[in-house]
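# Tertiary structure, described
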Amino acid sequence: MIPFLNTSLNNFHGLPNKIFEYIAAGIPVVASDFPQLRAVIDRYGVGTTYDPARPGALVGAIREVLRDE
């Protein structure tokens, strides 16, 4: 999980190393729906994103990833 809040440009545009560690380990990624995170997740089909400003969205995203075999 990469549950960033949009509190700075660094959070909004950042791409933490952790996402690549998760991908290398074969762990699905659930991350905030920010441009760089979405680009990697969508391009490689390695998880899903969620709107961090919407209450309950994180839970929905986790459930979505767990349902996907």
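Residues numbered from 1 in each chain as written. Predicted model: local features only at pLDDT ≥ 70, side-chain atom pairs only at ≥ 80, totals over all residues. Heavy atoms only, no water.

## Considerations on the nonpolar core
- The biggest cluster of nonpolar side chains holds nine residues, and these are Ile 2, Ile 19, Tyr 22, Val 29, Ala 31, Leu 37, Val 40, Ile 41 and Val 46.
- Secondary-structure elements contributing two or more residues to this core are helix H2 (17-25), strand E1 (29-32) and helix H3 (35-44).
- Among the elements that make up this core, the one with the highest residue count is H3 (three residues).
- Those residues in contact with Val 40, other than ones at most four positions away along the chain, are Leu 15, Ile 19, Ile 23 and Val 46.
- Core analysis: the second largest hydrophobic core is formed by five residues, Val 30, Tyr 50, Ala 57 and Ala 61 among them. (Core = buried A, V, L, I, M, F, W, Y, C linked by side-chain atoms within 4.5 Å. Buried < 20%, exposed > 50% of the residue type's maximum accessible area, 1.4 Å probe, protein only. Helix = DSSP H or I, 4+ residues; strand = E, 2+ residues; numbered from the N terminus. Contact = heavy atoms within 4.5 Å.)

## Let's talk about the pattern of salt bridges
- Within this structure, the stated rule accounts for three salt bridges.
- Ionic pairing is found between Asp 33 and Arg 38, a salt bridge with its closest N-O pair at 2.7 Å.
- On the basis of relative accessibility, which here comes to 33%, the residue Arg 38 falls in the partly exposed class.
- When the shortest N-O distance is used, the salt bridge between Asp 42 and Arg 38 registers 3.0 Å. With Asp 42 and Arg 38 both in helix H3 and four residues apart, this pair spans about one turn of that helix.
- The exposure class of Asp 42 is partly exposed, given its relative accessible area of 47%.
- Connected through shared salt-bridge partners, Asp 33, Arg 38 and Asp 42 make up one network. (Salt bridge = Lys/Arg side-chain N within 4 Å of Asp/Glu carboxyl O.)

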